[in-house]
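Residue-level structure breakdown
Here is how the chains run, residue by residue.
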Amino acid sequence: HGHRLPAAISGGRRALGGEAGRTPAPPSGALRPAVGGLPPPVLADRGVGGAIEAIALDMAIPVEVEVRLPGRPPAPVESAVYFAVAECLANSAKHAGHEHAWVELHHEHDLLRVVVGDDGRGGAEVEKGTGMRGVMRRLAAFDGTMTVSSPDAGPTIVSLEVPCVLSDSSSPR
């Protein structure tokens, strides 16, 4: 009688271990939100301007950031704009061969305007990049738009516009 209990317990452990080993892997899309869907803590702490400044500091080339926002956009808009700028800067770093880039954030007449530019080789084609198409879809959810000017020999300038009302930056969220 005493021998069966430990065997059953150890057998149970083995079965659990076996189950864990057989757990199906999640579909590749299931991992994507952790990478491209969760805004970083700096976005909540410092707003979209501060979060973009943090990206700029991590870039290998100088990125000038100018932020003129008298308040904060709604959190979903901040997140969409953050990921849009991150995608633009990543593309710029990957393809442009540039010496510097810039990001400008302004808000006027209930419109958030963001310009991301670089002095690289130009020739960016939005249709070829899945990341940029994703940016356009994300912005479209807020009636936002994206235009790209990228003549051969540059510069590349991506303009984003999202209608939104800013909250008073001094009020707690």
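Below, the structure is looked at part by part. (Residues numbered from 1 in each chain as written. Predicted model: local features only at pLDDT ≥ 70, side-chain atom pairs only at ≥ 80, totals over all residues. Heavy atoms only, no water.)

Turning our eyes to something else, we now look at the overall build of the chain. On a plain count of helices and strands, the chain comes out with 5 helices and 7 strands. Expressed as a percentage of its 173 residues, the buried residues of the chain come to 33%. Residue pairs at least 24 apart in sequence account for 67% of intrachain contacts in the chain once pairs closer than 6 positions are excluded. Working note: accessible area of the chain is about 10,600 Å², and carbon and sulfur atoms make up 58% of it. (Helix = DSSP H or I, 4+ residues; strand = E, 2+ residues; numbered from the N terminus. Buried < 20%, exposed > 50% of the residue type's maximum accessible area, 1.4 Å probe, protein only. Contact = heavy atoms within 4.5 Å. Areas by Shrake-Rupley, 256 points an atom, 1.4 Å probe, with all protein chains shown as cover.)

What follows covers the nonpolar core. In this structure, Val85, Leu89, Val103 and Val114 are the most contacted members of the largest nonpolar core, which totals 33 residues. Listed by contribution, the elements that provide at least two residues to this core are helix 3 (41–58), helix 4 (75–95), strand 3 (101–108), strand 4 (111–118), helix 5 (130–140) and strand 6 (156–163). The element contributing the most residues to this core is helix 4, with 9 residues. Once residues within four sequence positions are removed from consideration, Leu89 is found in contact with Ile55, Met59, Val63, Ala101, Val103 and Val116. (Core = buried A, V, L, I, M, F, W, Y, C linked by side-chain atoms within 4.5 Å.)

Before going further, it helps to examine the sheet that holds strand 4. An order of 1-3-4-6-5 is seen for the 5 strands of this open sheet, with the pairing classed as mixed. A single partner strand is all that each edge strand has here, and the edge strands are strand 1 (63–68) and strand 5 (145–149). Geometrically, the sheet is characterised by an average inter-axis angle of 10° between neighbouring strands, direction not taken into account. Where strand 4 meets strand 6, 8 bridges bridge the pair, whose relative direction is antiparallel. Paired with Leu111 across the bridge in strand 6 is Pro163. Here helix 3 sits on the sheet and contacts strand 1 and strand 3; the angle it forms with strand 1, its principal contact strand, is near 175°. The strands touched by helix 5 within the sheet are strand 5 and strand 6, with strand 5 carrying the most contacts at an inclination of about 145°. (Pairing = 2+ DSSP bridges. Axes fitted to C-alpha atoms, helices over the stretch in contact; angles between N-to-C directions.)

Attention now goes to the pattern of salt bridges. A full pass over the atoms with the stated rule returns 5 salt bridges. Here Arg46 makes a salt bridge to Glu53, at a shortest N to O gap of 3.7 Å. Close ionic contact of Arg113 with Glu161 constitutes a salt bridge, the shortest N to O distance being 3.0 Å. Placement of Arg113 in strand 4 and of Glu161 in strand 6 is noted, with a sequence separation of 48 residues between them. The class of Arg113 is partly exposed, set by a relative accessible area of 29%. On the basis of relative accessibility, which here comes to 30%, the residue Glu161 falls in the partly exposed class. A single salt-bridge network, built from bridges that share partners, covers Glu108, Arg113 and Glu161. (Salt bridge = Lys/Arg side-chain N within 4 Å of Asp/Glu carboxyl O.)

Now for the side chain of Ser92. Within the secondary structure layout, Ser92 lies in helix 4. Side chain to side chain, Ser92 and Asp118 meet in a polar contact 2.8 Å long. Those residues in contact with Ser92 that sit more than four places away from it in its chain are Gly97, His98 and Asp118. (Polar contact = N/O pair within 3.5 Å; in protein donor to acceptor, adjacent residues only side chain to side chain.)

Glancing now at helix 4. Its 21 residues give helix 4 an end-to-end C-alpha distance of 30 Å, which sits within 8% of 30 Å, the value for a rise of 1.5 Å per residue. One or two positions beyond helix 4, positive phi appears at Gly97, with a value near 60°. (Expected span 1.5 Å × (residues − 1).)

The next subject is unusual backbone geometry. Here the amide bond leading from Gly154 into Pro155 is cis, since omega sits at -5°, within 30 degrees of zero. Along the polypeptide, Pro155 turns up in the loop between strand 5 and strand 6. With a phi angle near 55°, His109 is a residue other than glycine that sits in the positive phi range. Examined against the element boundaries, His109 turns out to sit in the loop between strand 3 and strand 4. With relative accessibility at 76%, the residue His109 sits in the exposed group.

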